[in-house]
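For reference, the chains in residue letters:
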Amino acid sequence: MKVDIVVDARYKSCPGPLLALAEAVKKAGPGHIIMLLATDPSAPQDIREWASSVGHKVLNVEKVDETYQIYVEVLG
Amino acid sequence: MPKISIIVSSEKLDKLFPAVTLATTAAVMGWESEIFFTFWGLLALKKDYEAKDVSSDYKVYEDGLRRAVNSGAMPSWLEILEQGKKTGRLKVYACSTTMSFLGVKAEDLLEYVDEIVGAASFLGKAKDSDINLFIS
């Protein structure tokens, strides 16, 4: 998957990963894909909830060792 | 979009963190969000106030919280509030009565304060909230 922006929010607890992602989205354009790296176990579900609320799309979530790689497509 | 209103009546970190975390997360999710700081909660809005204590019942956890903030694992409570303010959807209200009995003036307050209001004004703003919390 082509990734436009990588946001490293590892070792940050809630709401750090979401706030870091929200900042990155401001700089991204429609269609851009952001990969958020997070170790907070609540991050995947929190990001899905946020995305469904604001209208972006979680494409995939992978876990590599202790790190979640959360792929988000910026829409509209 | 939904709306959340939070009333905070303590200036201690263990009350400020949940309040701003929920308020800012709501704003980042596109919700309308507002916090009313009253009684001792108002102290946290003073420019010269540095929030560094937790409530006396939870002193044993204070070092852990401080370490989490100092290590960067958690932003400070003001950094969380600031990010919520940047969305333009988080409003901060200061209680006028509390300011009066504590002798706090408008110029003593942080720039994040949108308005100084009384109880009736805040209730008017909060009455259509989907979620309302009192954190003390």
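Each value, and the rule that gives it
The residue count restarts for each chain, going from 1 along the sequence in the order it is written. Throughout, the order in which chains and ligands are written sets their labels, letters from A for the former and numbers from 1 for the latter. Residues qualify for local features only when their pLDDT is at least 70, as the model is predicted, and side-chain atom pairs are given and counted only at 80 or more; totals for whole chains, interfaces and linings, by contrast, use all residues. Side-chain metrics rest on all non-hydrogen atoms present in the structure, leaving aside hydrogens and water. The numbering of helices and of strands both runs from the N terminus, where a helix is a DSSP run of H or I of at least 4 residues and a strand a run of E of at least 2. A radius of gyration in this sense is built from C-alpha atoms; the matching globule rule multiplies 2.2 Å by the number of residues raised to 0.38. Only protein chains enter the calculation, and the probe is 1.4 Å; a residue is then buried if its accessible area is under 20% of its type maximum, exposed if over 50%, and partly exposed in between. By the convention used here, residues are in contact when the closest approach between their heavy atoms is within 4.5 Å. Note that accessible areas follow from Shrake-Rupley with a 1.4 Å probe, and for residues the cover is restricted to the protein chains shown. Salt bridge criterion: a side-chain nitrogen from Lys or Arg within 4 Å of a carboxyl oxygen from Asp or Glu. A helix is expected to span 1.5 Å multiplied by its residue count minus one.

Draft legend 1. Representation of the overall build of chain A in the model. Within chain A, the regular secondary structure consists of 2 helices and 4 strands. Along chain A, from the amino end to the carboxyl end, the secondary structure elements read β-α-β-α-β-β. Relative to its length of 76 residues, chain A is compact, with a C-alpha radius of gyration of 11 Å against a globular reference of 11 Å. Looking at the 76 residues of chain A, the share that counts as buried comes to 47%. Put simply, of all contacts in chain A between residues at least 6 apart along the chain, 63% involve residues at least 24 apart.

Draft legend 2. How the structure looks around the overall build of chain B. Within chain B, the secondary structure is distributed over 5 helices and 5 strands. With the C-alpha coordinates of chain B rotated into their principal frame, the extents come out at 40 × 35 × 25 Å. Here chain B, with 136 residues, has 49% of them falling under the buried criterion. For chain B, the share of sequence-separated contacts (at least 6 apart) that also reach a separation of at least 24 residues comes to 77%. On chain B, roughly 6,800 Å² of surface is accessible, and the fraction owed to carbon and sulfur atoms is 53%.

Draft legend 3. Highlighting the pattern of salt bridges. Counting across every chain of the model gives 14 salt bridges over all chains. The salt bridge partner of K2 of chain A is D4 of chain A, with a shortest N-O separation of 2.7 Å. In this structure, R10 of chain A engages D8 of chain A in a salt bridge whose closest nitrogen and oxygen atoms are separated by 2.8 Å. Assessed through its relative accessible area of 33%, R10 of chain A is described here as partly exposed. One salt-bridge network, in which partners are shared between bridges, spans K59, E62, D63 and R66 of chain B.

Draft legend 4. Structural detail: helix α1 (residues 16-27) of chain A. Between its terminal C-alpha atoms α1 of chain A stretches 17 Å, which fits the 16 Å expected from 12 residues at 1.5 Å a residue. Every buried residue of α1 of chain A is accounted for by G16, P17, L18, L19, L21, A22, A24 and V25 of chain A.

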